[in-house]
Amino acid sequence: MRHVIALDVGGTGMKAALVGADGALLHQARRATGRERGPEAVVETILGFAAELRAYGVEHFGESAVAAGVAVPGIVDAERGIAVYAANLGWRDVPMRELLGARLGGVPVALGHDVRTGGLAEGRLGAGRGADRFLFVPLGTGIAGAIGIAGSIEAGAHGYAGEIGHVVVRPDGPECGCGQRGCLEALASAGAVTRAWAAASGDPEADAADCAKAVESGDPAAVRVWLDAVDALAAGLVTALTLLDPRTLIIGGGLAEAGETLFTPLRARVEERVTFQKLPEIVPAALGDHAGCLGAGLLAWDLLAATEPTATHDTNPSDADPLATEVSA
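Residues numbered from 1 in each chain as written. Predicted model: local features only at pLDDT ≥ 70, side-chain atom pairs only at ≥ 80, totals over all residues. Heavy atoms only, no water.

## Notes on the overall build of the protein chain
Applicable threshold: The helix count covers DSSP runs of H or I at least four residues long, the strand count covers runs of E at least two residues long, and both are numbered beginning at the N terminus. When we talk radius of gyration, it's over C-alpha atoms, and the globule rule is simply 2.2 Å times the number of residues to the 0.38. For the exposure calls, accessible area comes from a 1.4 Å probe over protein chains only, and a residue counts as buried if that area is under 20% of its type's maximum, exposed if over 50%, partly exposed in between. In this description, accessible areas are obtained by the Shrake-Rupley approach with a 1.4 Å probe, and a residue is regarded as covered only by the protein chains that are shown. The charged-residue count follows a simple rule in which Lys and Arg add positive charge and Asp and Glu add negative charge, with His and chain termini not counted at all. Every charge is mapped to an atom, namely NZ of Lys, CZ of Arg, CG of Asp or CD of Glu.
Counting its regular elements, the protein chain contains 9 helices and 13 strands. Radius of gyration (C-alpha) of the protein chain: 20 Å, near the 20 Å computed for a compact globule of 329 residues. Each principal axis of the C-alpha atoms in the protein chain carries an extent, and together these give about 60 × 45 × 40 Å. Looking at the 329 residues of the protein chain, the share that counts as buried comes to 52%. Total accessible area on the protein chain is roughly 14400 Å²; 51% of this is exposed by carbon and sulfur atoms. Measuring between centres, the 25 positive side-chain charges of the protein chain sit 3 Å from its 41 negative side-chain charges.

Have a look at this one:
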């Protein structure tokens, strides 16, 4: 059975899969990055993990993977296949395409930014399926975005398109890691809510999930923290929809797990702020933490289609359910 290797590399852990031509997850596995042992160890862990996945495919599906896709955080030069910078991994200018290709016997390797790769999967297989224009915004430790246009993700001229987290929404706000003040990421990410709720509650161990639970129980301090973040998020999203005019706005990441505790006030705040803009449908992401692996798999199939023009696989499946197959741990 033809398949590709898909790797989604995070700061502390990796998710991996073998992905079929219809987007189905044929096998899944997870592993720690080993970043405590240094950046070179992380690279070696990735290469070894990929080699194990290749061997699994040979054993269980009768053939080796025909390509590989890998999603990484930070700054990515996808065209050259280089992970330019990832602070949480200690990386600078890692030639990931070359290294993975060599370890996997010379198969084509696609490299992508983690959020844009997840957005590709949400657009083709998840909450954005059927939308000609969408914006995917995961609310995690930070905030980034993926701009979807006709089944593809717009990376921009230099690979930085979609960095909505660094739109300034409150110029007098807290300092952001990027050096500006009042960025959306510094006010409305899960990390920002965690910091605000830890301070407001007096519990240094409290996090954004705890804040959401306190909101649901009616805690007034939690409500203030939560709505302050929602208001900042709405301001940033309205700026984005003013520029991009998406048909669908997909919200994912840790904060989206709060469900309507987030979405009900967020939809209301966005609607209050729009004037001439068309209000998009605001929906939760559908693929959860499968999105990165599925997106990396799609990158691999897309690359294979470009290098093998006569291939018959479908790189833009519309009917397959990628999560409906048997998954191995």
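## What about the state of the cysteines?
So the rule is basically this: Note on terminology: pairs of cysteine sulfur atoms within 2.5 Å are recorded as disulfides.
Evaluated as defined, the whole model comprises 0 disulfides. This cysteine, Cys176, is not joined by any disulfide, and Cys178 carries the nearest cysteine sulfur, 3.8 Å off. Looking at Cys176, the relative accessible area reads 6%, which means it is buried. No disulfide involves Cys178; its sulfur sits 3.7 Å from the nearest other cysteine sulfur, which is in Cys183.

## Let's talk about the pairing of strand E1 (residues 3-9)
The condition is simple: At least two DSSP bridges between two strands are required for those strands to pair.
Burial analysis of E1 places 7 of its 7 residues in the buried class, the great majority of the element. In E1, alternate side chains face the same way, and those of His3, Ile5, Leu7 and Val9 on one face and Val4, Ala6 and Asp8 on the other are all buried. Count of turn residues in the E1/strand E2 (residues 13-20) antiparallel hairpin: 3 residues. In the sheet, E1 pairs with strand E4 (residues 68-72) via 4 bridges, with the strands oriented parallel. Bridge pairing in E4 links Ala6 to Gly69.

## Comments concerning the nonpolar core
Note the following rule: What makes a nonpolar core is a set of buried Ala, Val, Leu, Ile, Met, Phe, Trp, Tyr and Cys residues whose side-chain atoms join them at distances within 4.5 Å. Should any heavy atoms of two residues lie within 4.5 Å, those residues are considered in contact.
Residues Val137, Trp226, Ile251, Leu262 and Leu266 are the most contacted members of the largest nonpolar core, which totals 45 residues. The leading source of residues in this core is helix H7 (residues 220-244), at 14 residues. What Val137 contacts, discounting residues up to four positions off in sequence, is Ile143, Ala144, Ile164, Leu237, Leu249, Ile250, Ile251 and Gly252. Counting residues in hydrophobic clusters, the runner-up holds 33 residues, among them Ala16, Ala24, Leu47 and Phe49.

## A closer look at the packing of helix H6 (residues 208-216) against H7
Quick reminder of the rule: Whenever a helix is involved, its axis is fitted only over the stretch in contact; in every case the axis is a line through C-alpha atoms, and angles between N-to-C directions fall within 0 to 180 degrees. Any angle between 65 and 115 degrees counts as roughly perpendicular, while under 35 counts as roughly parallel, over 145 as roughly antiparallel, and the rest as oblique. By definition, turning the near helix anticlockwise from the far helix through less than a right angle yields a left-handed crossing, and turning it clockwise yields a right-handed one.
At a minimum axis distance of 8 Å, the contact between H6 and H7 shows a crossing angle of 120 degrees. Viewed along their axes, H6 and H7 adopt a mutual orientation that is oblique. Regarding H6 and H7, the two cross each other, and that crossing is left-handed. In contact with Ala208, Cys211, Ala212, Ala214 and Val215 of H6, H7 contributes Ala222, Val223, Val225 and Trp226.

## Here we look at the side chain of Thr261
Among the structural elements, Thr261 can be located in helix H8 (residues 260-273). Each residue touching Thr261, except ones within four places of it in the same chain, is listed here: Ala212, Val215, Glu216 and Trp226.

## A word on helix H2 (residues 96-103)
How we decide: In this description, the arc belongs to the directions extending from the helix axis to the C-beta atoms.
Among the residues making up H2, those that are buried are Met96, Leu100 and Gly101. When H2 is viewed along its axis, its buried side chains cluster within an angular range of 120 degrees and face the same direction. Exposed and oriented more than 90 degrees from the buried face of H2 are Glu98 and Ala102. On the buried face of H2, the contacting elements are E1, helix H1 (39-61), E4, strand E7 (91-94) and strand E8 (109-113). In the stretch just after H2, Gly105 is the one whose phi turns positive, near 80 degrees.

## Some remarks on the pattern of salt bridges
Our working rule: Counted as salt bridges are all cases of a side-chain nitrogen of Lys or Arg within 4 Å of a carboxyl oxygen of Asp or Glu.
Inspection of the entire model under this criterion finds 12 salt bridges. Here Arg30 and Asp289 are joined by a salt bridge, their closest N and O atoms 2.7 Å apart. Of this pair, Arg30 sits in strand E3 (residues 25-32) while Asp289 sits in the loop between strand E13 (281-284) and helix H9 (291-307), placing them 259 residues apart in sequence. Residue classification places Asp289 among the partly exposed residues on the basis of a relative accessible area of 39%. Among the charged side chains, a salt-bridge network with shared partners connects Arg170, Asp228, Asp231, Arg269 and Arg273.

## Examining the packing of helix H5 (residues 190-201) against H7
Put simply, the test is: Throughout this entry, Asp, Glu, Lys and Arg are counted as charged residues, while Ala, Val, Leu, Ile, Met, Phe, Trp, Tyr, Cys and Pro are counted as nonpolar. The remaining residues, Gly among them, count as polar.
One way to put it is that H5 packs onto H7 with a least axis distance of 10 Å and a crossing angle of 155 degrees. In terms of their interaxial angle, H5 and H7 are classed as roughly antiparallel. In terms of crossing hand, the pair formed by H5 and H7 is right-handed. Contact residues: Val193, Ala196, Trp197 and Ala200 in H5; Ala221, Ala222, Val225, Trp226 and Ala229 in H7. Of the residues belonging to the contact of H5 with H7, the class tally is 9 nonpolar, no polar and no charged.

## Here's the deal with the confidence of the model for the protein chain
Applied cut-off: Residue-level confidence of the predictor is what pLDDT reports, using numbers from 0 through 100.
Predicted confidence across the protein chain gives a mean pLDDT of 92, with 94% of residues reaching 70 or more. Counting interchain partners and residues more than four positions distant, the pLDDT-below-50 stretch residues 311-315 has 11 contacts. Confidence over residues 324-329 falls short of pLDDT 50; this stretch has 12 contacts with residues more than four positions distant or in other chains.

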